[in-house]
Amino acid sequence: MTLKFSQIHDQPETSTSPCVIVGVFADGGMSEAAARIDNAASGAIKRLLESADITAKLGSSSLLFALPGIKAERVLVVGLGSRDKFDGAAFNKAALEAGRAMKALPIANAASWLTELDVPGRDSAWKLRTAALAADMHAYRYTATFKPKEKSKTAQLESLAFSGNGDARALAEAAAMAKGVRFARELGNLPPNICNPAHIAAQATAFADAQVGVSCEILEREDMEKLGMGSLLGVARGSANAPKLVVMRWNGGGEAKPYALVGKGITFDSGGISLKPGAGMEEMKFDMCGAAGMLGTFVAAVELALPLNIVCVVAAVENMPDGNSYRPSDVLTSMSGQTIEVLNTDAEGRLILCDALTYVQKFDPQVIIDAATLTGACVVALGKYASGLMTEDDELATELLAAGNHTLDRAWRLPLWDDYQSALDSAFADFTNLGGKYGGAITAGCFLSRFTTGYRWAHLDIAGTAWNEGRKGLATGRPVPLLTQYLIDRCA
Ligand code: BES
Ligand code: MN
Ligand code: ZN
């Protein structure tokens, strides 16, 4: 369950919430709410800042307990950094830190005054939504595969109130995005022995069954054979887990052409016969995060009952080595009729996506967007902060980049110029699945572009952004905020 969000009109010093959250700037200036607390507590915050017992550094927070003159038992003082550098990204960072700090506290609810801060170029709806999503990011706990714990005696954060009035729409958007993000994160975090193609199909079916107006169809191996999806099925051959193609539809938009969302759902990417090295291979359970992100976006859009038609197609496949696996030098025939020489069975994402991209065209979409943890090269190029955006449609690029900037789920555009296409030349098939040495994110995009001619199409490479690095790295739920915002913006 996501956090419950609400708004309140209290003053911070008289609020009876178990925890009030206020911000302080590094250059001495307190936020209005912090100043009110400080006044009522006879200058306590000022003294603590002066003595450097608490800091106003951006990304820091300090918990003050039982301040004299303050009704609330706890005051969480969040550092905002310097006032002239305080922008949307800094606001988000402060809100995330507040969320992290609250997770450690034995409280079920809290009240935040961060939404009263001035953020250049951002309105109150934005602040509300951003603060709410940031809090939910940290409130989420992954518990599915731990030994069942006795019910904890300490409270956990369940709800969060924000100072301000009546922005019901912003709260609804925050709740919907949080729900979509959690849906995506949970699928991403589950291990591949649980989250296999059948599990993804079952989760999609369960969502559709619980929701009025959502249809869900699962295509099985035989269905895909009939459709001629030789490329997707080639990848699936090595796995004991049968592939599933999930097709979800939401018709909130009357007769309009649908927006198509296509996701890469490799539930585990061993590399296949082109086996990956052992170190870090466990991270390849996250190789279905494109699928999870598209399903999460779909969930958020349905939650908001957006007046659009949306079709979400997710290719759920496992890439494994086996006596029956596809191999380097195999030639596969895709659903589009184009043949593909397999030069590396680890470049499998594009091979399942291409058939999903062809399939979705039967719904006559006005726009096709795919998301995929497609290339390590994208992580090399852009690092862990920006998703790679590739499209030949400048307007679509502008719209998607804007949605990313608005939600701080940001993307950065890479070119799809024809110059790169020849990297896919083959002597034995129409083209290969492997680009040359350089520009691997782009040549992967070029491969996909050969299956979307005539459509407004964009590709998001989320290999760097879909999960956090390291042993304790969790799925991030990206690009659910970006894509949900993109769809919201299409309703105006
Ligand atoms: N799922 C991987 C891409 C990936 C790698 C995502 C590391 C996140 C972190 C993809 O299927 C893959 O293996 N790509 C290869 C492509 C290569 C064989 C052309 C890669 O990036 O090395
Ligand atoms: Mn691979
Ligand atoms: Zn992969």
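Reading the values: the criteria
- Residues numbered from 1 in each chain as written.
- Chains lettered and ligands numbered in written order.
- Predicted model: local features only at pLDDT ≥ 70, side-chain atom pairs only at ≥ 80, totals over all residues.
- Heavy atoms only, no water.
- Helix = DSSP H or I, 4+ residues; strand = E, 2+ residues; numbered from the N terminus.
- Rg over C-alpha atoms; globule rule 2.2 N^0.38 Å.
- Buried < 20%, exposed > 50% of the residue type's maximum accessible area, 1.4 Å probe, protein only.
- Contact = heavy atoms within 4.5 Å.
- Areas by Shrake-Rupley, 256 points an atom, 1.4 Å probe, with all protein chains shown as cover.
- Lys, Arg positive; Asp, Glu negative; His and termini not counted.
- Charge placed at Lys NZ, Arg CZ, Asp CG, Glu CD.
- Disulfide = S-S within 2.5 Å.
- Pairing = 2+ DSSP bridges.
- Axes fitted to C-alpha atoms, helices over the stretch in contact; angles between N-to-C directions.
- Near = heavy atom within 4 Å.
- Polar contact = N/O pair within 3.5 Å; in protein donor to acceptor, adjacent residues only side chain to side chain.
- Nonpolar A, V, L, I, M, F, W, Y, C, P; charged D, E, K, R; others polar.
- Donors = N, O, S within 2.8 Å, 3.2 Å for Na, K, Ca; no water.
- Tetrahedral: all angles 85-135°; square planar, octahedral: opposite > 155°, others 65-115°.
- Salt bridge = Lys/Arg side-chain N within 4 Å of Asp/Glu carboxyl O.
- Parallel < 35°, antiparallel > 145°, perpendicular 65-115°, else oblique.
- Left-handed = near helix turned anticlockwise from the far one by under 90°.
- Domains from an automatic or database assignment.
- Buried area = accessible area lost by both parts, 1.4 Å probe.

Enquirer: What's the story with the overall build of the protein chain in this structure? I'm lost.
Expert: Tallying secondary structure elements over the protein chain gives 14 helices and 17 strands in all. For 492 residues, the compact-globule formula gives about 23 Å, and the C-alpha radius of gyration of the protein chain, at 24 Å, lands near that figure. Counting every position in the protein chain, which comprises 492 residues, the buried fraction comes to 58%. For the protein chain, restricting intrachain contacts to residue pairs at least 6 apart in sequence, the fraction spanning at least 24 positions comes to 77%. Summed over all atoms, the accessible surface of the protein chain reaches about 20100 Å², with 51% contributed by carbon and sulfur. If you average the places of the 46 positive and of the 54 negative side-chain charges in the protein chain, the two averages end up 6 Å apart.

Enquirer: I'm lost on the state of the cysteines in this one. Help?
Expert: Note on terminology: a disulfide is the covalent bond linking the sulfur atoms of two cysteines. Applying the stated criterion to the full structure yields zero disulfides. Left unpaired, C289 is separated from the closest cysteine sulfur, that of C195, by 8.8 Å.

Enquirer: Explanation requested: the sheet that holds strand β17 (residues 457-461) in the structure shown.
Expert: Adjacent strands of a sheet form backbone hydrogen bonds with each other and so pair up, either parallel or antiparallel. With mixed pairing, the eight strands of this open sheet are ordered in space as β7-β8-β10-β9-β13-β17-β14-β15. Each of the sheet's edge strands pairs with one partner strand only, and the pair in question is β7 (214-219) and β15 (411-413). Neighbour-to-neighbour, the strand axes of the sheet open up by a mean angle of 20°, direction not taken into account. Looking at chain direction, strand β14 (residues 387-391) and β15 are connected through three bridges and run parallel. Paired with L389 across the strands is R413, a residue of β15. Sheet strands touched by helix α9 (residues 289-303): β7, β8 (244-251), β9 (259-269), β10 (309-319) and β13 (367-372). Its angle to β9, the strand with the most contacts, is close to 140°. Contacts from helix α13 (residues 440-449) reach β13, β14 and β17, with the element oriented near 145° to β17.

Enquirer: Looking at this structure, how should I read the sheet that holds strand β11 (residues 331-333)?
Expert: An order of β11-β12-β16 is seen for the three strands of this open sheet, with the pairing classed as mixed. One side of each edge strand has no neighbouring strand; the edge strands of this open sheet are β11 and β16 (431-432). Here two bridges tie strand β12 (residues 339-341) to β16, and the two strands are oriented parallel to one another. By the bridge assignment for β16, I340 is matched with F431.

Enquirer: How should I be thinking about the site of ligand 1 in this particular structure?
Expert: Among the 17 residues in the neighbourhood of ligand 1, the closest are listed as K276, D287, D346, E348 and G376. In the environment of ligand 1, an oxygen atom lies 2.9 Å from a nitrogen or oxygen atom belonging to the side chain of K276. At 3.3 Å, a backbone N or O of T373 approaches a nitrogen atom of ligand 1. Grouping the constituent residues of the shell around ligand 1 by class yields six nonpolar, four polar and seven charged.

Enquirer: Would you mind showing me how to read the coordination of the zinc ion (ligand 3) here?
Expert: Reference values for coordination geometry: four tetrahedral donors around a metal ideally subtend 109.5 degrees, six octahedral donors ideally subtend 90 or 180 degrees. Protein coordination of the zinc ion (ligand 3) is provided by K264 (NZ), D269 (OD), D287 (OD) and E348 (OE), with donor distances spanning 2.0 to 2.4 Å. Because the angles between the six donor atoms bound to the zinc ion (ligand 3) fall within 79 to 174°, the donor set is best described as octahedral. Expressed as a motif, the donor residue spacing for the zinc ion (ligand 3) is K-x4-D-x17-D-x60-E. The two metals, the zinc ion (ligand 3) and the manganese ion (ligand 2), are separated by 3.2 Å and share D269 as a common coordinating residue.

Enquirer: Any chance you could explain the coordination of the manganese ion (ligand 2) here in plain terms?
Expert: Distances from the manganese ion (ligand 2) to its protein donors, D269 (OD), D346 (O), D346 (OD) and E348 (OE), fall at 2.0 to 2.2 Å. Of note is the manganese ion (ligand 2), whose six donor atoms meet at the metal with angles of 72 to 169° in an arrangement that counts as irregular. Motif for the manganese ion (ligand 2), donor spacing along one chain: D-x76-D-x1-E.

Enquirer: Explanation requested: the pattern of salt bridges in the structure shown.
Expert: A side chain with one charge can pair with a side chain of the opposite charge if their charged atoms come near. Overall, the coordinates contain 19 salt bridges when judged by the stated rule. As a salt-bridge pair, K264 and E348 come within 3.1 Å of each other at their nearest N and O atoms. Residue K264 is found in strand β9, and its partner E348 is found in the loop between β12 and α10 (349-360); the two are separated by 84 residues along the sequence. Here the two residues K264 and E348 agree in accessibility, since each one is buried. In this structure, R456 and D393 form a salt bridge, with 2.8 Å as the shortest nitrogen-oxygen distance. Pair noted here: R456 is in the loop between α13 and β17 and D393 is in the loop between β14 and α12 (394-407), with a separation of 63 residues, a long-range link. Overall, the relative accessible area of 27% leaves R456 in the partly exposed class. Among the ionic contacts, a cluster of salt bridges with common partners joins D393, E399, R456 and R490.

Enquirer: Even after reading the chapter, I still don't get the packing of α9 against helix α14 (residues 480-489), so can you show me in this structure?
Expert: Packed helices, taken two at a time, are described by the angle between their axes plus the distance between the axes. Between α9 and α14, whose axes approach to 9 Å, the crossing angle comes to 45°. With respect to each other, α9 and α14 are oriented oblique. You can see that α9 and α14 cross each other, and the crossing is right-handed. Residues G293, M294, G296, T297, A300 and A301 of α9 lie in contact with α14, whose contacting residues are V480, L483, T484 and L487. Taken together, the residues of the contact of α9 with α14 break down into six nonpolar, four polar and no charged.

Enquirer: Hey, could you run me through the domain arrangement of the protein chain in this one?
Expert: The parts lose accessible area when they come together, and the size of an interface is often stated as this lost area. On domain assignment, one finds that the protein chain holds domain 1 (4-163) and domain 2 (174-490). Using C-alpha coordinates to define each centre, domain 1 is positioned 37 Å away from domain 2. In this complex, domain 1 contributes 16 residues to the contact, which on the side of domain 2 involves 20 residues. Here domain 1 meets domain 2 over a buried area of about 1600 Å², counting both sides, of which 62% is carbon and sulfur. Connecting domain 1 to domain 2 are one salt bridge. Of the charged contacts, one joins D136 and R182 as a salt bridge, the two residues approaching to 2.8 Å between their closest N and O atoms. Taken together, the links from domain 1 to domain 2 amount to seven residue pairs in polar contact (both at pLDDT 80 or more).

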